[in-house]
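One-letter residues, chain by chain:
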Amino acid sequence: MPSLHQTSTSTDSTGLETSIGPTLVRERGQHEVFCGLTSIVWLHRKMQDAFFLVVGSRTCAHLIQSAAGVMIFAEPRFGTAILDDRDLAGLADANDELDRVVHELLSRRPEIRVLFLVGSCPSEVIKLDLGRAAERLSDRHGPHQRVLHFSGSGIETTFTQGEDACLSALVQTQLDWVEPHEPGAESALELLLVGSLADVVEDQFLILLKDLGLKRVGCLPARRGGQRLVVGPKTAFVCMAPYLSETASRLASLGCQRISSRFPFGLQGTTDWFLAVGQACGIPTDRILQVIRPAQRRAQLALTAMRPMLEGRRVFFFPDSQLEIPLARFLHDEMGMEIVEVGVPYLHQVMMAEELRPLSSDWRIVEGQDVDDQLMRCRQARPDLVVCGLGLANPLEAEGLSTKWSIELVFTPIQGFDQAGDLAELFTRGFARRARLARRIPIGVAA
Ligand code: SF4
């Protein structure tokens, strides 16, 4: 049975109570989301000296191979160690086999600085203690090559949570903590951007932050796994995506200060992000607005061109990427779309506080999923656009609904002012495609 919540309150890391306005419904039932292994697709591109070794089954190997494709021109930076039932006839043998595979890989590929053992959900793998294996292998291959572990299991994670689990593991090894009175304290970061961004997008943010006067800004993950980042009690951090709650908790428990902000999607979201970050770092508001004004103008121009294709149309979000609420906010506030329903795999109210705060009770946010009920509501509503996972897109297209794969929104650079137009354009593609098909296919024939 779904449960209804009109409003609720929670407490963030500063102890302040946050209130939210939209109607929240919790739903439990069959859900359709990718597992956390999928995050390897974008993480291996970001961290150039990292290797992701999935410890899993043939299903895991197929998923990762078909999602990430085959690397033809370069040495691969992901792979799967396939475990079968018979490998676990003796767990000691399985550990020996894992050690052998890792040793061979790291000996042959000295350029790998961080190797992630990525856990999966087959019962054979769950029996293995990958945390202990990572420690054992780090002792053997460190300090030049480090072995970490995180879970990408479909039982524990949805696909973007894989990144959260990975970055959380990196916190313990990529960050060096210094107290204010210790040597090196002066080199501690002022600001840490948390979340994997395309390099070009990361550079845009770093340039604007430098123009604001922030000199020591770092990124987690760093582009090189071997890179060390120095942080201390004066280091503030800000998350670039809403699904990084475990990493945020870890940084907060170290003693870093979390900046609560909207997420940088669209002109308004990115403006609010810079205002929140700048103000937390003591920069006057008029200075922030002065620095970001040219980028705001570019974003405004791009969005004005896209708005007529989206304005007045109705959109329905199935739960998948965790980006649903900020993206729905962007489509509603900046593109004039009507929001029918926003599904999210889970709702972290503290991470999402700044996004939820301005929403009215007209918004219906469904946490979790009962896929049959949700499909029924979607069919009844007949929205103009459905944002959903790959598994639901084809059947809904066959029923005449336009869809957008939510996974595309994670693979594509969409954060920041200069990507605002691209973000809007992603949502227009389904309409453009359907219009092209309508010109070729008589009305009444399913596309
Ligand atoms: S981790 Fe689990 S859900 Fe993901 S591919 Fe492997 S078996 Fe499937």
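Residues numbered from 1 in each chain as written. Predicted model: local features only at pLDDT ≥ 70, side-chain atom pairs only at ≥ 80, totals over all residues.

## Quick look at the overall build of the chain
For the record, the criterion: Note on conventions: DSSP H or I runs of at least 4 residues are helices, E runs of at least 2 residues are strands, and numbering of each starts at the N terminus. What counts as a contact here is a pair of residues whose C-beta atoms, placed from the backbone, lie within 7 Å.
When you go through the chain residue by residue, the secondary structure sums to 16 helices and 19 strands. Put simply, 74% of the contacts in the chain that link residues at least 6 apart link residues at least 24 apart.

## Details of the site of the ligand
We apply this condition: To decide whether a residue is near a molecule or strand, its C-beta atom is placed from the backbone and checked for lying within 6 Å of it. Gly falls in the polar group here, along with every residue not listed as nonpolar (Ala, Val, Leu, Ile, Met, Phe, Trp, Tyr, Cys, Pro) or charged (Asp, Glu, Lys, Arg).
Near the ligand you find 13 residues, and of these Cys-35, Cys-60, Ser-120, Cys-121 and Gly-154 are the closest. No other element matches helix H2 (residues 58–68), which puts three residues into the shell around the ligand. The class makeup of the residues in the shell around the ligand is six nonpolar, seven polar and no charged.

## Quick word on the environment of Leu-43
With respect to the secondary-structure elements, Leu-43 resides in helix H1 (residues 40–46). On a C-alpha basis, the gap between Leu-43 and Glu-163 in space is 7.3 Å, while along the polypeptide they are 120 residues apart.

## A word on the confidence of the model for the chain
Heads up, the rule is: The predictor rates its confidence in each residue with pLDDT, a number between 0 and 100.
Per-residue confidence for the chain gives a mean pLDDT of 87; residues scoring 70 or more make up 90%. Ignoring residues within four places in sequence, the model shows residues 4–18, a span with pLDDT below 50, making 28 contacts including any to other chains.

## Some details on the nonpolar core
Here is the rule we go by: In this description, a nonpolar core means buried residues of the types Ala, Val, Leu, Ile, Met, Phe, Trp, Tyr and Cys, linked to one another by C-beta atoms lying within 7 Å. Here a residue counts as buried when 20 or more other C-beta atoms fall within 10 Å of its C-beta, as exposed when 12 or fewer do, and as partly exposed in between; the C-beta atoms come from the backbone.
Among the nonpolar cores identified, the biggest contains 123 residues, and Phe-52, Leu-53, Val-55, Phe-116, Val-118 and Val-194 are the most heavily contacted of them. When residues of this core are assigned to their parent elements, the largest contribution, eight residues, is made by helix H10 (residues 285–310). Aside from chain neighbours lying at most four places away, what touches Val-194 is Leu-167, Leu-220, Phe-237, Val-238, Cys-239, Met-240, Leu-244, Thr-247 and Ala-248.

## A word on the sheet that holds strand E10 (residues 191–194)
What counts here: Strand pairing requires that DSSP identify at least two bridges connecting the strands.
In space, the four strands of this open sheet follow the order E11-E10-E13-E14, with parallel pairing throughout. This sheet does not close on itself; its edge strands, each paired only once, are strand E11 (217–220) and strand E14 (257–258).

## Describing the sheet that holds strand E6 (residues 78–82)
Here is the rule: An axis is simply a line fitted to the C-alpha atoms; with a helix, the fit covers only the stretch in contact. Between two such axes, the angle follows the N-to-C directions and lies from 0 to 180 degrees.
What the four strands build is an open sheet, ordered E6-E5-E7-E8; its pairing is parallel. Either end of the sheet is taken by a strand with one partner, and the two such strands are E6 and strand E8 (146–151). If you compare each strand with its neighbour and ignore which way they point, the axes differ by 25° on average. Bridging between strand E5 (residues 50–56) and E6 involves five bridges; their strand directions are parallel. By the bridge assignment for E6, Phe-52 is matched with Phe-78. Running at roughly 170° to E8, helix H5 (residues 130–141) makes contact with E5, strand E7 (114–119) and E8 of the sheet. Its contacts with the sheet place helix H6 (residues 161–174) against E7 and E8, and it is angled at close to 145° to E8.

## A short note on helix H11 (residues 324–333)
Among the 10 residues in H11, eight count as buried, and that is most of the element. What H11 keeps buried is the set Glu-324, Ile-325, Pro-326, Leu-327, Ala-328, Arg-329, Phe-330 and Leu-331.

## As for the packing of helix H9 (residues 266–280) against H10
Quick reminder of the rule: Roughly parallel refers to an angle under 35 degrees, roughly antiparallel to one over 145, roughly perpendicular to one between 65 and 115, and oblique to any angle outside these ranges. When the near helix sits turned anticlockwise from the far one by under a right angle, the crossing is termed left-handed; a clockwise turn instead gives a right-handed crossing.
The interhelical angle for the contact between H9 and H10, taken along N-to-C directions, is 165°, at an axis separation of 10 Å. The angle between the axes of H9 and H10 places the two elements in the roughly antiparallel class. For the pair H9 and H10, the sense of crossing is right-handed. Of the residues in H10, those in contact with Leu-267, Thr-271, Phe-274, Leu-275, Gly-278 and Gln-279 of H9 are Thr-285, Ile-288, Ile-292, Gln-296, Ala-299, Gln-300 and Leu-303.

## Description of the pairing of E5
Most of E5 sits out of view: seven of its seven residues are buried. Across the two faces of E5 the burial is the same, with Ala-50, Phe-52, Val-54 and Gly-56 and Phe-51, Leu-53 and Val-55 all buried. Across six bridges, the pairing between E5 and E7 is parallel. Paired with Ala-50 across the two strands is Val-114, which belongs to E7.

## Digging into unusual backbone geometry
Pro-143 follows Gly-142 through a cis peptide bond whose omega is 0°. Inspection of the secondary structure assignment puts Pro-143 in the loop between H5 and E8. A cis amide bond links Leu-220 with the next residue in sequence, Pro-221, at an omega value of 10°. For Gln-322, which is not glycine, the phi torsion reads 80° and is therefore positive. For Gln-322, the position within the fold is in the loop between strand E15 (314–317) and H11. Using a count of 28 C-beta atoms within 10 Å as the deciding quantity, one classes Gln-322 as buried.

## Regarding the pairing of E11
Using the following cut-off: A right-handed crossover is one whose linking path, passing over the helix from the first strand to the second, runs clockwise when the strands point away from the viewer.
Alignment of E10 against E11, held across four bridges, turns out to be parallel. Bridging from a neighbouring strand, Leu-191 pairs with Val-217 of E11. Between the parallel elements E10 and E11, the chain passes through helix H7 (residues 199–211) in a crossover that is right-handed.

## Quick notes on the environment of Leu-197
Looking at the element boundaries, Leu-197 is found in the loop between E10 and H7. Its 23 C-beta neighbours within 10 Å are what place Leu-197 among the buried residues. It is 9.6 Å that separates the C-alpha atoms of Leu-197 and Ala-241, two residues lying 44 residues apart in sequence. Not counting the four nearest positions on each side in its chain, Leu-197 is found in contact with Glu-202, Met-240 and Gln-415.

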